[in-house]
Amino acid sequence: MTIRVVVADDQELVRSGFAMILGVQEDIEVVAEVGDGAAAVEAVARLAPDVALLDIRMPVLDGIEACRAISAGSACRTVMLTTFDSDEYVYEALHAGASGFLLKDVRRDDLVHAVRVVAAGESLLSPSVARRLIEEYTTATARPCLPADRLEVLTARERETLLHLGRGLSNAEIAASLVVSEHTVKSHVGNVLAKLGLRDRIQAVICAYETGLIAAGTPSGE
């Protein structure tokens, strides 16, 4: 199955570069390149793509509002492109329905991987985005840390799964790390969310930090 993608960024070189990288993949087709959020919403409504890459800062309609409109009016999943100039935009995008975040200096292979992951129905936070997002989140909101014993309801393998979620790994990456199938990982993720009363993977990332399972400032590879 071909993944249909709309690329929206007001910087022509960035937009065309992403489109070129994605367009040469056998399983990906770039159906539109647009330079503002309103054009992105129109392109999604007209072309019904699977994924929209949206720059957070765009003219006419910014990426947050475009994401909100796309999420409300279609089945298209969105990946936000950010330089992380202002983290509150990322929080707003979470509430608007974004399925993933990428820094604009993302590597070629990671961009392609992100589109495939999100098209498959998973959420995605790159490790660097996940780490900075939660550090800023916990600092900005001054929320107290959750008691570590909250995690006692989890099995050892479920704790490992939560640890990897906190580092921003996809189901496929978690499966490779734990040497299990993706189906098994999906079961573990579902159990983690249910046992901890979490709505989605993003809340699982926050929980991993607030319970101390991952210490703020810890490199994603540790």
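Quick caveat, the model's predicted, so the values are computed rather than measured. (Residues numbered from 1 in each chain as written. Predicted model: local features only at pLDDT ≥ 70, side-chain atom pairs only at ≥ 80, totals over all residues. Heavy atoms only, no water.)

To continue, consider the packing of helix 7 (residues 156–166) against helix 9 (residues 182–196). Contact pair helix 7 / helix 9: the axes reach a minimum separation of 9 Å and the direction vectors enclose 95 degrees. Put simply, helix 7 runs roughly perpendicular to helix 9. Judged by residue contacts, R157, E158, T161, L162 and L165 of helix 7 engage H188, V189, N191, V192, K195 and L196 from helix 9. Residue composition of the contact of helix 7 with helix 9, by class: five nonpolar, three polar and three charged. (Axes fitted to C-alpha atoms, helices over the stretch in contact; angles between N-to-C directions. Helix = DSSP H or I, 4+ residues; strand = E, 2+ residues; numbered from the N terminus. Parallel < 35°, antiparallel > 145°, perpendicular 65-115°, else oblique. Contact = heavy atoms within 4.5 Å. Nonpolar A, V, L, I, M, F, W, Y, C, P; charged D, E, K, R; others polar.)

Tracing the sequence through the fold places T82 in strand 4 (residues 77–82). Ignoring any residue separated from it by four or fewer positions in sequence, one finds T82 in contact with I56, L102, L103 and K104.

Overall, the coordinates contain nine salt bridges when judged by the stated rule. Among the salt bridges present, the one from K104 reaches D55, with a minimum N-O distance of 3.2 Å. Of the two residues, K104 is situated in the loop between strand 5 (100–103) and helix 5 (108–119) and D55 in strand 3 (residues 51–55); the sequence distance between them amounts to 49 residues. Per residue, the accessibility class of K104 equals that of D55, and both read buried. When the shortest N-O distance is used, the salt bridge between R107 and D110 registers 3.0 Å. A relative accessible area of 31% means that D110 is categorised as partly exposed. Here the residues in one salt-bridge network are D9, D55 and K104, joined through shared partners. (Salt bridge = Lys/Arg side-chain N within 4 Å of Asp/Glu carboxyl O. Buried < 20%, exposed > 50% of the residue type's maximum accessible area, 1.4 Å probe, protein only.)

Close reading of the predicted structure is inappropriate where its pLDDT is low. Mean pLDDT over the chain stands at 84; residues scoring 70 or higher make up 82%. No element of the chain has a lower mean pLDDT than helix 6 (residues 127–141), which averages 58, and none a higher one than strand 1 (residues 3–8), which averages 98. Under a pLDDT of 50 for its full length, residues 217–222 has, in the predicted model, nine contacts with residues more than four places off or in other chains. (pLDDT = per-residue confidence, 0-100.)

Another point: the nonpolar core. Among the nonpolar cores identified, the biggest contains 22 residues, and L54 and M80 are the most heavily contacted of them. Of all the elements in the fold, those that place two or more residues in this core are strand 1, strand 2 (28–34), helix 2 (37–47), strand 3, helix 3 (63–73) and helix 4 (88–96). When residues of this core are assigned to their parent elements, the largest contribution, four residues, is made by helix 3. Setting aside residues no more than four positions away along its own chain, L54 makes contact with A8, A40, G63, A66, C67, I70, T78, V79, M80 and L81. (Core = buried A, V, L, I, M, F, W, Y, C linked by side-chain atoms within 4.5 Å.)

Here we take up the pairing of strand 3. Extensive coverage of strand 3 is indicated by the burial of five of its five residues. Across four bridges, the pairing between strand 1 and strand 3 is parallel. In the strand pairing of strand 3, V7 is matched with L53. Pairing analysis gives five bridges linking strand 3 to strand 4, with the strands arranged parallel. Pairing of L53 across the sheet is with V79, part of strand 4. As for the winding sense of the linkage, the β-α-β connection from strand 3 through helix 3 to strand 4 is right-handed. (Pairing = 2+ DSSP bridges. Right-handed = clockwise from strand over helix to strand, strands pointing away.)

With that settled, the discussion passes to the environment of A93. The residue A93 is located in helix 4 in this model. A residue is classified by how much of its surface remains accessible, and A93, at 0% relative accessible area, is buried. Along the backbone, A93 and I56 are 37 residues apart, and their C-alpha atoms lie at a distance of 8.3 Å. Discounting chain neighbours no more than four positions away, the residues touching A93 are I64, C67, M80, A98 and F101.

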